[in-house]
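The chain contents come next:
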Amino acid sequence: MTQPGAAPTGVPSGAPVGAPEGSRGPDVRSAVEPGAVEPDGADTMSRLAQVIAALVLAVVSVLLMVTTHRVTLDVGGVPLPAGLALGAAFQLAASIFLLASTGRRLPLVVLTVAWGALGMVFAGQSAGGGVLMPAVIGDRPQYSGWAVQILGTLIPLLVLAAVWLGRIRRIARAGHPSSPRGRVS
């Protein structure tokens, strides 16, 4: 005789009803349990590591771009924004690194949001005007501060868009009968 809630005789507990004797069924663990796997295959600790990596790179990127955005390099009498180019190159490298090292889009989203939040701290007002990215010096607008904020958030979003478009193309090619991969010979 079985107790209420117990598995019928011959079927181990945890096995689905009607499962053959000796089977245990799928390994389902709670999301708070160490080593728990999310529906997309990433465990909780992996996601935490991805978020931490993105936050560290966001801090480094913000500090680099904010401190060097006004650096110019004169080439043939034309001032080139070397600081903005360096910051944009670092932000692109950080975005590609996060994508390549994790294979996930979450770190890029975290990088974008963290960059925007940290960048706003330096763009705020203080007693003497703008903190590190003033909007106006004298009567001249300072567009490099705007460029820093736009580049810092736009570059990871463009990398995300490229990944998204690539996935859509792969899905379309795999399922479309006229594509070379989707044809059945």
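Right above here is the structure, for reference.
Model, not experiment: these values are computed from the prediction. (Residues numbered from 1 in each chain as written. Predicted model: local features only at pLDDT ≥ 70, side-chain atom pairs only at ≥ 80, totals over all residues. Heavy atoms only, no water.)

Novice: Sorry, what's going on with helix α1 (residues 44-68) here?
Specialist: Within an α-helix, residues lying three or four positions from one another point in the same direction, as the helix has 3.6 residues per turn. Counted at 1.5 Å a residue, the expected span for α1 with its 25 residues is 36 Å, and the 36 Å between its end C-alpha atoms agrees. All of the buried residues in α1 are Gln50, Ala54, Leu57, Ala58, Ser61, Val62, Met65, Val66 and Thr68. Next to the buried residues of α1 lie α2 (82-102), α3 (106-123) and α4 (143-175). (Helix = DSSP H or I, 4+ residues; strand = E, 2+ residues; numbered from the N terminus. Expected span 1.5 Å × (residues − 1). Buried < 20%, exposed > 50% of the residue type's maximum accessible area, 1.4 Å probe, protein only. Contact = heavy atoms within 4.5 Å.)

Novice: How should I be thinking about the nonpolar core in this particular structure?
Specialist: Within soluble globular proteins, side chains that are nonpolar tend to cluster in buried spots. Counting residues in hydrophobic clusters, the biggest one holds eleven residues: Ala54, Leu57, Ala58, Ala94, Leu98, Leu108, Val110, Leu111, Ala114, Val159 and Leu160. Put simply, the parts of the chain that give this core at least two residues each are α1, α2, α3 and α4. The element that contributes the greatest number of residues to this core is α3, accounting for four residues. Leucine 108 has contacts with Ser95, Leu98, Leu99, Pro156, Val159 and Leu160, leaving out every residue within four places of it along the chain. (Core = buried A, V, L, I, M, F, W, Y, C linked by side-chain atoms within 4.5 Å.)

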